[in-house]
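# Summary of structural features
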Amino acid sequence: MSTRVRVSQKSLRFTESVIREMTRLANQHNAINLSQGFPDFPAPEAIKAEAARAVMADVNQYAITWGAKRLRDALVAKQQHFTGLSFDPEREVAVCCGSTECMASVMLALVDPGDEVIVFEPYYENYGPDAILSGAVPRFVRLNAPDWSYDPAVLEAAFNDKTRLIVVNTPNNPTGKVFTRAEMEHIAALCRKWDVICVTDEIYEHILYDGAEHVSMAALDGMRERTVTVSGLSKTWSVTGWRIGWCLAPPDLTNAIRKVHDFLTVGAPAPLQEAAAVALAMPDAYYTELAAKYRERREFLVPILEQAGFHPIAPKGAYYVMTDLSDFGFPDDVTFSRWLIREIGVAGVPGSSFYADPAAGSQRLRFHFARKRETLEAAAERLQSLRSRLPARPESLTRG
Ligand SMILES: Cc1ncc(COP(=O)(O)O)c(C=O)c1O
């Protein structure tokens, strides 16, 4: 019997987030969760105090849909300080419920069905559903291990008359790649040539290692007028649950993004926007210390993964490590990661969830290290027993 009570075709084209599934499984088995990328340490006192003050001062009602004035002012001041670019807080800023909502609003506001969107893969898994929801046709350009560089000819071939925008996430999740200035210049030249918008996800902009340089696309020649810079509070201030993100873009683009954002969520949490303004005014030392602490965590975890047989690729930025599972002999990453949670008590994210073709990531697992030292030490202890506990015939295991 036919019925009109059914879900949309769009919603059938993507599945539940694998990352959140791994978190649930980890909780069920009491595993140490190095899958979903959120910190287990506290946020800075100053911003917590401001959030509490704002709640007690009854900052309880809708903020201006595109962001509280105080936050927009703080944001443009910070952007000017770090990139030298000036933005108009009245016309070029949209504050959203996390950079995730910004990215969805950006796609819905700037892309028409049938337009092509270029995405580097492996990619942060939200970009796939964002493209589907906006009706875009995603074109994937592979980042190749071990340095995660891309083939310039492949990128050049991905641009055409239908290309509306390209998404660049640097520092990158899940690879830890930091796009070099030369790569950013190359992408910029292609955007100018094909008259394409560049959307940069810069949420890990302050988490850099080994002297890596963060290049903001908007600061390159001729790019300010065609770049949407997306970032947020989640990672730099360890408050992923506060849901505050933002984007900076020229007025015509911002206007469209603000309209979509307004009808999706009206606005981001008002008291937390007050706290975000305090966060953005923190001194440079805050960012230096943040990066130094992440460097220590990276330096602890990467050798542990190496000893356990994961062949980790040390990241240049962000807080993820991609690994290679081929030594373990499992048929695929999902089978391995479920086994790792159940038998060893450590959770990572199956690499296939970062690729359009799951086979491309089927021998990879991503760990993150936004964890207290004691959490990482406990994970290290568990991972030490991995080799001795490998099943006799891992290749015969099945998912489930
Ligand atoms: C590349 C990237 N962009 C965006 C987000 C989500 O950020 P938000 O909490 O601001 O929505 C994440 C979270 O893992 C991420 O890795």
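Worth saying up front: this structure is predicted, and the values here are computed from it rather than measured. All chains use their own residue numbering, which begins from 1 and follows the written sequence. Selection of residues for local features in this predicted model requires a pLDDT of at least 70, selection of side-chain atom pairs for listing and counting requires 80 or more, and totals for whole chains, interfaces and linings are taken over all residues. Only hydrogens and water are set aside; all other atoms, that is, all heavy atoms of the structure, feed into the side-chain values.

Okay, the overall build of the chain next. A run of DSSP states H or I qualifies as a helix once it reaches four residues; a run of E qualifies as a strand once it reaches two. Both are numbered from the N-terminal end. Per the secondary structure count, the chain includes 13 helices and 12 strands. For the chain, whose C-alpha radius of gyration is 21 Å, the value lies close to the compact-globule estimate of 21 Å for 400 residues. Along the first, second and third principal axes, the C-alpha atoms of the chain reach 65 × 55 × 50 Å. Burial status follows relative accessibility: with a 1.4 Å probe on protein chains alone, a residue under 20% of its type maximum counts as buried, one over 50% as exposed, and anything between as partly exposed. In the chain, which comprises 400 residues, the share counted as buried stands at 56%. A contact between two residues is defined here by any heavy atoms of the two lying within 4.5 Å. Within the chain, residue pairs in contact and separated by at least 24 positions form 75% of the contacts whose partners lie at least 6 positions apart. Under this rule, positive means Lys or Arg and negative means Asp or Glu; His and the chain ends count for nothing. The location of each charge is read from NZ of Lys, CZ of Arg, CG of Asp or CD of Glu. Here the chain holds 44 positive side-chain charges and 49 negative ones, and the gap between their average locations is 4 Å. Based on C-alpha atoms, the radius of gyration is set beside the globule rule, defined as 2.2 Å times the residue count to the power 0.38.

So, on to the sheet that holds strand β5 (residues 163-169). Read across the sheet, seven strands follow the order β2-β8-β7-β6-β5-β3-β4 without closing on themselves; strand pairing throughout is mixed. Unpaired on one side and paired on the other, β2 (93-96) and β4 (137-142) mark the two borders of the sheet. When strand polarity is set aside, the average angle formed by the axes of neighbouring strands in this sheet is 20°. Strand pairing is assigned whenever DSSP identifies at least 2 bridges connecting the two strands. Inspection of the sheet shows β2 paired to strand β8 (residues 245-248) by four bridges, in the antiparallel sense. Paired with A94 across the strands is C247, a residue of β8. Those strands touched by helix α8 (residues 181-194) are β3 (116-121), β5 and β6 (197-201), and its axis lies near 165° from that of β5. Every angle, taken between N-to-C directions, lies between 0 and 180 degrees, and every axis is a line fitted to C-alpha atoms, over only the stretch in contact when it is a helix.

With that settled, the discussion passes to the site of the ligand. We call a residue near a given molecule or strand whenever any one of its heavy atoms falls within 4 Å of it. Close to the ligand lie 14 residues, the nearest being T100, N173, D201, Y204 and S234. D201 places a polar side-chain atom, nitrogen or oxygen, 2.6 Å from a nitrogen atom of the ligand. Each polar contact in these results corresponds to two N or O atoms within 3.5 Å; when the atoms are within protein, one needs to be able to donate a hydrogen and the other to accept it, and residues that are neighboring in sequence are counted only if both atoms are side-chain atoms. The contact in question runs from an oxygen atom of the ligand to an N or O atom on the side chain of S234, over 2.5 Å. Taking 400 Å² as the accessible area of the ligand by itself, protein coverage stands at 93%. A pocket here means an open set of points on a 1 Å grid, computed over the protein atoms alone, that has protein on both sides within 12 Å along at least five of seven lines. A cavity is instead a set of points where a 1.4 Å probe fits but cannot get out; residues with an atom within 4 Å of a point line either one. A cavity or pocket is said to hold a molecule if more than half of that molecule's atoms lie within 2 Å of its grid points. Judged by its atoms lying within 2 Å of the grid points, the ligand is housed in the second largest pocket. Per element, the largest residue contribution to the shell around the ligand is three residues, and it comes from helix α5 (residues 98-110). The Shrake-Rupley method, run with a 1.4 Å probe, gives the accessible areas here. Residue values count only the displayed protein chains as cover.

As a further point, take the side chain of H214. Secondary-structure assignment places H214 in the loop between β6 and β7 (227-232). Looking at H214, its side chain comes within polar contact range of the side chain of E202, at 2.8 Å. Ignoring sequence-local partners within four residues, the contact set of H214 consists of T170, P171, E202, E205 and L208.

Turning to the packing of helix α3 (residues 45-56) against helix α10 (residues 270-280), a few remarks are in order. In a packed pair of helices, the relevant descriptors are the angle between the two axes and the axis-to-axis distance. For the pair α3 and α10, the least separation of the axes is 8 Å and the interaxial angle reads 150°. Once α3 is placed against α10, the crossing between them reads as right-handed. Between α3, through A46, I47, E50, A51, R53, A54 and V55, and α10, the contact on the second element is made entirely by P271, L272, E274, A275, V278 and A279. The residue inventory of the contact of α3 with α10, partitioned by class, reads 10 nonpolar, no polar and three charged. By convention the crossing between two helices is left-handed if the near helix lies anticlockwise of the far one by an angle smaller than a right angle, and right-handed if it lies clockwise. Residues are grouped as follows: nonpolar covers Ala, Val, Leu, Ile, Met, Phe, Trp, Tyr, Cys and Pro; charged covers Asp, Glu, Lys and Arg; every other residue, Gly included, is treated as polar.

Let us now look at helix α13 (residues 373-384). By this rule the span expected of a helix is its residue count minus one, scaled by 1.5 Å. When the terminal C-alpha atoms of α13 are compared, their 17 Å separation across 12 residues agrees well with the 16 Å that a helix rising 1.5 Å per residue should span. Every buried residue of α13 is accounted for by T375, L376, A379, A380 and L383. Taken down its axis, α13 places every buried residue within 140° of arc, on the same side. Projecting away from the buried face of α13 at angles above 90 degrees are the exposed residues E374, E381 and Q384. Here, the arc refers to the directions that run from the helix axis to the C-beta atoms.

Take the pattern of salt bridges next. Each reported salt bridge corresponds to a side-chain nitrogen of Lys or Arg within 4 Å of a carboxyl oxygen of Asp or Glu. Inspection of every chain in the model, using the stated rule, returns 23 salt bridges. Of the charged contacts, one joins E45 and K48 as a salt bridge, the two residues approaching to 3.4 Å between their closest N and O atoms. Separated by three residues within a single helix, E45 and K48 lie in helix α3, roughly one turn from each other. Taking the relative accessible area as the measure of exposure, K48 reaches 32% and is therefore partly exposed. A salt bridge links R298 to D210; the shortest N-O distance between them is 2.9 Å. Note that R298 is positioned in helix α11 (residues 284-308) and D210 in the loop between β6 and β7, a separation of 88 residues in sequence.

Before going further, it helps to examine the domain arrangement of the chain. The accessible area lost on association of the parts is a frequent measure of interface size. Along its sequence, the chain is carved into domain 1 (9-43 + 285-396) and domain 2 (45-283). Distance between the C-alpha centres of domain 1 and domain 2: 25 Å. In this assembly, 37 residues from domain 1 lie in contact with 42 residues from domain 2. Buried area is a sum: the accessible area each of two parts loses on coming together, probed at 1.4 Å, counted once for each and added. In total, domain 1 and domain 2 occlude about 3600 Å² of area from one another, counting both sides; carbon and sulfur atoms represent 61% of this. On the domain 1 side of the contact with domain 2, A43, Y287 and K316 bury the most area, a combined 21% of that side's loss. The tally of links between domain 1 and domain 2 comes to one salt bridge. Inspection of the domain 1/domain 2 interface yields 16 residue pairs in polar contact (both at pLDDT 80 or more). The split of the chain into domains comes from an automatic or database domain assignment.

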